[in-house]
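# Residue-level structural notes
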Amino acid sequence: MADLISAGTHSEDAPLLLPAGSVLVGLLSFAMMDVVMKSLAIELGAYNALLWRVLGSLAIVSVIFFAGRPKMPSRAARRVHMQRGIIVIFMSYLFFWGLARVPLAEAIALSFIAPIIALYLAAVFLGETIHRNAIYASVLGFSGVLVIAWGGASGEYNEDSLLGMGAILASAVLYAGNLVIQRQQALLAGPIEISFSQNLIVGAAFLLLAPFFAVVPDVALLPYIGAGAILSIIAAVFIAWGYRRAEAKNLINLEYSAFIWAAIFGWLFFREPITLATVAGTVLIVAGCILATRRDRKVAHIETTAV
């Protein structure tokens, strides 16, 4: 674990197997965290589920962060931490609010649209060129979203489920902005500092609303909160370790394994069926993301090391 927490150095000669395995472990941990958070969001609501899980994560990562005797982050790093933290506040709430109302696999599939949106945000904020592949990718990606939405509208979905899909799509737009900022943040800070800063900012923001919305969870839910906090940190560390030891172009497509875990866990824990529309829409979205990353792989990195 000490080696995973350390910043590490990139080595193009490092075997791909270990970085790929590390990323896959991280993605599995994120999928397991989503199961825990979906259960908590159903039981407590999205706000309380996130409040207590983020505070748990902050408590754990603070010990790791300060044990390393860190230096004060630079002004540039603090600014980027704050920018990304503000985005994560709304992004995470919308995602988990929607996750409580939408099947797990469907939610993950809809979130895959974020890398394509990020290409356009990178063009606006970073001055990057939008290649022809990005336009084709957009058509495929949004077609996939429409297929999933059509399947939801024509299936046994109520208005609450459709609102959940809308919340996840809104979260995906914010997630795309998060990805663009993440590129700058990765150059200014290590994964533990990033995790600490994001949990601190999000936790502080949620605490401001605690007098109005916070509910003390039942003792029986404490293991779930602890598990969600630990899984979020494990996922962030393993994914950061993998991406520091292999080029993103060799790892990026592993991200889509999240749909497989979501489908399996959704069926095991929530008895959520996988519809043909969800599978077809996911294929279109993933095809669009792969097409887009052929010209710009850095922006297409869809994991987050924040919350």
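Our subject is the structure that appears above.
Residues numbered from 1 in each chain as written. Predicted model: local features only at pLDDT ≥ 70, side-chain atom pairs only at ≥ 80, totals over all residues. Heavy atoms only, no water.

Another aspect to go through is the overall build of the protein. Looking only at helices and strands, the protein has 14 helices and zero strands in total. Its helices and strands in sequence order give the protein the pattern α-α-α-α-α-α-α-α-α-α-α-α-α-α, from N to C terminus. For the protein, buried positions account for 52% of its 307 residues. The long-range share in the protein, meaning contacts at least 24 apart out of those at least 6 apart in sequence, stands at 91%. A total of about 14200 Å² of accessible surface is found on the protein, and carbon and sulfur atoms cover 69% of it. (Helix = DSSP H or I, 4+ residues; strand = E, 2+ residues; numbered from the N terminus. Buried < 20%, exposed > 50% of the residue type's maximum accessible area, 1.4 Å probe, protein only. Contact = heavy atoms within 4.5 Å. Areas by Shrake-Rupley, 256 points an atom, 1.4 Å probe, with all protein chains shown as cover.)

Here we take up the packing of helix α5 (residues 104-111) against helix α13 (residues 257-270). Where α5 contacts α13, the two axes come as close as 7 Å, and the packing angle between them is 160°. Taken together, the axis directions place α5 and α13 in an arrangement best described as roughly antiparallel. Of the two possible hands of crossing, α5 and α13 adopt the one that is right-handed. Only A258, F259, A262, A263, F265 and G266 of α13 make contact with α5, whose side of the interface consists of L104, A105, I108 and A109. Grouping the constituent residues of the contact of α5 with α13 by class yields nine nonpolar, one polar and no charged. (Axes fitted to C-alpha atoms, helices over the stretch in contact; angles between N-to-C directions. Parallel < 35°, antiparallel > 145°, perpendicular 65-115°, else oblique. Left-handed = near helix turned anticlockwise from the far one by under 90°. Nonpolar A, V, L, I, M, F, W, Y, C, P; charged D, E, K, R; others polar.)

For the rest of this paragraph, the subject is the nonpolar core. Judged by nonpolar contacts, the single largest core of 63 residues is most densely connected at M37, L40, F95, F96, F112 and F206. Ignoring any residue separated from it by four or fewer positions in sequence, one finds F95 in contact with D34, A107, I108, S111, I168 and S171. If you look at the next biggest cluster of nonpolar residues, it comprises seven residues, including L58, V61, I233 and V237. (Core = buried A, V, L, I, M, F, W, Y, C linked by side-chain atoms within 4.5 Å.)

With that settled, the discussion passes to the packing of helix α3 (residues 46-67) against helix α4 (residues 75-99). Relative orientation of the contacting elements α3 and α4 amounts to 125°, with a least axis distance of 9 Å. On the basis of the axis angle, α3 is oblique to α4. Taken as a pair, α3 and α4 cross one another with a handedness that is right-handed. Between α3 and α4, the contacting residues are A46, Y47, L50 and R53 on the first element and S92, Y93, F96 and W97 on the second. Class assignment for the residues of the contact of α3 with α4 results in six nonpolar, one polar and one charged.

Moving on, we get to the packing of aromatic side chains. Counting across every chain of the model gives nine aromatic pairs. Ring centres of Y47 and F206 lie 5.6 Å apart, and the angle between their planes is 50°; this geometry places the pair in the tilted category. Here F206 lies in helix α9 (residues 191-208) and Y47 lies in helix α3, a separation of 159 residues in the sequence. Note on Y47: relative accessible area 10%, which makes it buried. Ring plane angle 70° and centroid distance 5.1 Å describe the contact between F65 and F66, whose orientation is recorded as edge-to-face. By the ring-pair criterion, three or more aromatic residues cluster together here, those being Y47, F206, F212 and F213. Here the guanidinium or amino end of R271 rests over the ring plane of W267, the centre of that ring lying 5.1 Å away. (Phe/Tyr/Trp six-rings, centres within 6.5 Å; stacked < 30°, edge-to-face > 60°. Lys NZ or Arg CZ within 6 Å of the ring centre and 35° of its normal.)

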